[in-house]
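Residues per chain are reported as follows:
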Amino acid sequence: MLEIHPSYPALASLVEKYPAHRGSLFQTYNDILLAQQWRDVQVIDLGDCRRGALRGKRPKTATDPESLLDVIPCSLAESITLAWYRQLYLAVVSDDSSIVYYKLSPGIVKPSI
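The structure displayed is predicted, hence computed values, not measured ones. (Residues numbered from 1 in each chain as written. Predicted model: local features only at pLDDT ≥ 70, side-chain atom pairs only at ≥ 80, totals over all residues. Heavy atoms only, no water.)

Attention now goes to the environment of Asp40. Mapped onto the secondary structure, Asp40 falls in strand β1 (residues 39-46). Leave out the neighbours within four places in its chain, and Asp40 touches Arg55, Gly56 and Lys57. (Helix = DSSP H or I, 4+ residues; strand = E, 2+ residues; numbered from the N terminus. Contact = heavy atoms within 4.5 Å.)

On to unusual backbone geometry. Backbone geometry places Asp40, a non-glycine residue, at a positive phi of 50°. According to the relative accessible area criterion, Asp40 is partly exposed, its value standing at 48%. One non-glycine residue, Ser97, adopts positive backbone phi at about 75°. Along the chain, Ser97 falls in the loop between β4 (88-93) and β5 (99-104). (Buried < 20%, exposed > 50% of the residue type's maximum accessible area, 1.4 Å probe, protein only.)

Before going further, it helps to examine the nonpolar core. Residues Leu11, Val15, Leu25, Ile32, Trp38, Leu54 and Val71 are the most contacted members of the largest nonpolar core, which totals 18 residues. Counting only elements with at least two residues in this core, the list comes to α1 (8-17), α2 (22-35), β3 (69-75) and β4. With five residues, α1 is the largest single contributor of residues to this core. Excluding residues within four positions of it along the chain, Ile32 makes contact with Gln37, Trp38, Val41, Leu54, Val71 and Tyr101. Grouped together as the second largest cluster of nonpolar side chains are nine residues, Ile44, Cys49, Ile72 and Cys74 included. (Core = buried A, V, L, I, M, F, W, Y, C linked by side-chain atoms within 4.5 Å.)

Shown next as structure tokens:
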């Protein structure tokens, strides 16, 4: 039933290309766009990873041209690798539709206070 949702046209090409990841991509896209209110959200194809990802700006940084962030949606059952990107946000989607975001980068990174 994703096909009748208003956000489907933006995701259609990657949902059809990577059907195994359609649910997490769909849920993350709608969460980032509608609930988190990110700006300039783009759907990008990570061909080497065989999945779609999202790129956009959080509301507080929307005017900063350097503030583009990448989010790779995945399910709780998937394995991931940092070889996909140097720094990324991972959106982990569970079966109950909850989403948790993690900022990943190589090495140990001190959290901001």
